[in-house]
Amino acid sequence: MRKLEPVVKKWYDALDEDKMLGFKCQRCGAWEFPPVYCCNNCSGTDMQWAEISGKGRLLDFVCTSPISDHPENTDLKPYCLGSVELAEGPSLYAIVQGVSKKNKKEMNAKLPISVKAEIVQRDGFRSVVFRVVDE
Ligand SMILES: [Zn+2]
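Each residue is numbered by its place in its chain's sequence as written, counting from 1. Per-residue local features are limited, in this predicted model, to residues with pLDDT of at least 70; the limit for side-chain atom pairs, both in listing and counting, is 80 or more; totals at the level of whole chains, interfaces and linings are taken over all residues. As a convention, hydrogens and water are excluded, and side-chain values are obtained from all of the structure's heavy atoms.

Trainee: Requested: an account of the domain arrangement of the protein chain, with residues and values cited.
Mentor: Reports often express the size of an interface as the amount of accessible area lost when the parts come together. Partitioning the protein chain into domains gives domain 1 (7–51) and domain 2 (55–132). In this structure, domain 1 and domain 2 have C-alpha centres spaced 21 Å apart. Counting residues at the interface gives 12 residues for domain 1 and 11 residues for domain 2. Once two parts are put together, the accessible area they lose, assessed with a 1.4 Å probe and summed over both, is termed the buried area. Carbon and sulfur atoms supply 73% of the area that domain 1 and domain 2 bury against each other, a total of about 970 Å² over both sides. When the area that domain 1 buries against domain 2 is broken down by residue, the three leading residues are Met 20, Trp 31 and Phe 33, summing to 53%. Of the charged contacts, one joins Asp 18 and Arg 126 as a salt bridge, the two residues approaching to 2.8 Å between their closest N and O atoms. Two N or O atoms count as a polar contact when they lie within 3.5 Å, although within protein this holds only if one can serve as hydrogen donor and the other as acceptor, and sequence-adjacent residues are included solely when both atoms are side-chain atoms. Across the domain 1-domain 2 interface, the total number found is three residue pairs in polar contact (both at pLDDT 80 or more). The numbering of helices and of strands both runs from the N terminus, where a helix is a DSSP run of H or I of at least 4 residues and a strand a run of E of at least 2. Elements that contribute at least two residues to the side of domain 1 that touches domain 2 include exactly α1 (7–16) and β2 (31–32). No other element matches the four residues that α1 contributes to the side of domain 1 that touches domain 2. Throughout, the ten residues Ala, Val, Leu, Ile, Met, Phe, Trp, Tyr, Cys and Pro are labelled nonpolar, Asp, Glu, Lys and Arg are labelled charged, and all others, Gly among them, are labelled polar. Among the residues making up the side of domain 1 that touches domain 2, the classes are represented as seven nonpolar, no polar and five charged. The start and end points of each domain follow an automatic or database-based domain assignment. A contact between two residues is defined here by any heavy atoms of the two lying within 4.5 Å. Any carboxyl oxygen of Asp or Glu that lies within 4 Å of a side-chain nitrogen of Lys or Arg is treated as forming a salt bridge with it.

Right, dumping it as structure tokens:
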């Protein structure tokens, strides 16, 4: 039986040390980001903390509207919500800066777009957002 640890606390503590941690499955090598205890690839539970590269690709996105916009994310504007595939493999739905209503047509034609994870300081905590990288 795996000894449970406070995953959320460890994740945020790592962000305070400029590290973005995921879990790497010790059975099949697949990654989980954000970290979850059970591997989505092989159902293995021997997951070890490991730092992600932050590199990824934006596969698809939607621009927010006054209805879908979360009022607590005002400090991150302008942004879109996008499906990001990390270089390590896992995909997640994330805030992506560099794509907005102003350039959505141009950016949509360029998909997939290279993005990089960044740690941002929010009101009292740090978080991860993705940003379009120029190649
Ligand atoms: Zn696995």
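The structure having been displayed, the exposition proceeds.
Trainee: So what about the pairing of strand β6 (residues 91–97)? Which residues, and what values?
Mentor: Between buried and exposed lies partly exposed: a residue is buried under 20% and exposed over 50% of the maximum accessible area for its type, with that area taken using a 1.4 Å probe on protein chains only. Of all seven residues making up β6, five are buried, and the element is well covered by its neighbours. A strand pair is defined by DSSP finding two or more bridges across the two strands. Sheet analysis places strand β5 (residues 79–86) next to β6, joined by seven bridges and oriented antiparallel. Among the inter-strand pairings, Gly 82 is bridged to a residue of β6, identified as Ala 94. The antiparallel pairing of β5 with β6 creates a hairpin that spans four residues between the two strands, and Gly 89 there sits at a positive phi of about 125°. Pairing of β6 with strand β8 (residues 126–132) involves two bridges; the strand directions are parallel. Bridging across to β8, Val 96 finds its partner in Phe 130.

Trainee: An account of the layout of surface pockets is requested, with residue identities and associated values reported.
Mentor: Over the atoms rolls a probe the size of a water molecule, and its path tells where empty space is left. Only protein atoms enter the calculation, which uses a 1 Å grid: trapped sets of points that fit a 1.4 Å probe without letting it out are cavities, open sets showing protein on both sides within 12 Å along at least five of seven lines are pockets, and any residue with an atom within 4 Å of a point is a lining residue. Grid points are joined across faces, edges and corners, and a volume is the space filled by probe spheres set on the points. Counted as a void, the largest pocket has a volume near 240 Å³. Looking at the largest pocket, it is lined by 16 residues, and the ones nearest its centre are Trp 11, Ala 94, Ile 95, Ser 127 and Val 128. Those elements giving two or more residues to the lining of the largest pocket turn out to be α1, β6 and β8. Residue composition of the lining of the largest pocket, grouped by class: 13 nonpolar, two polar and one charged.

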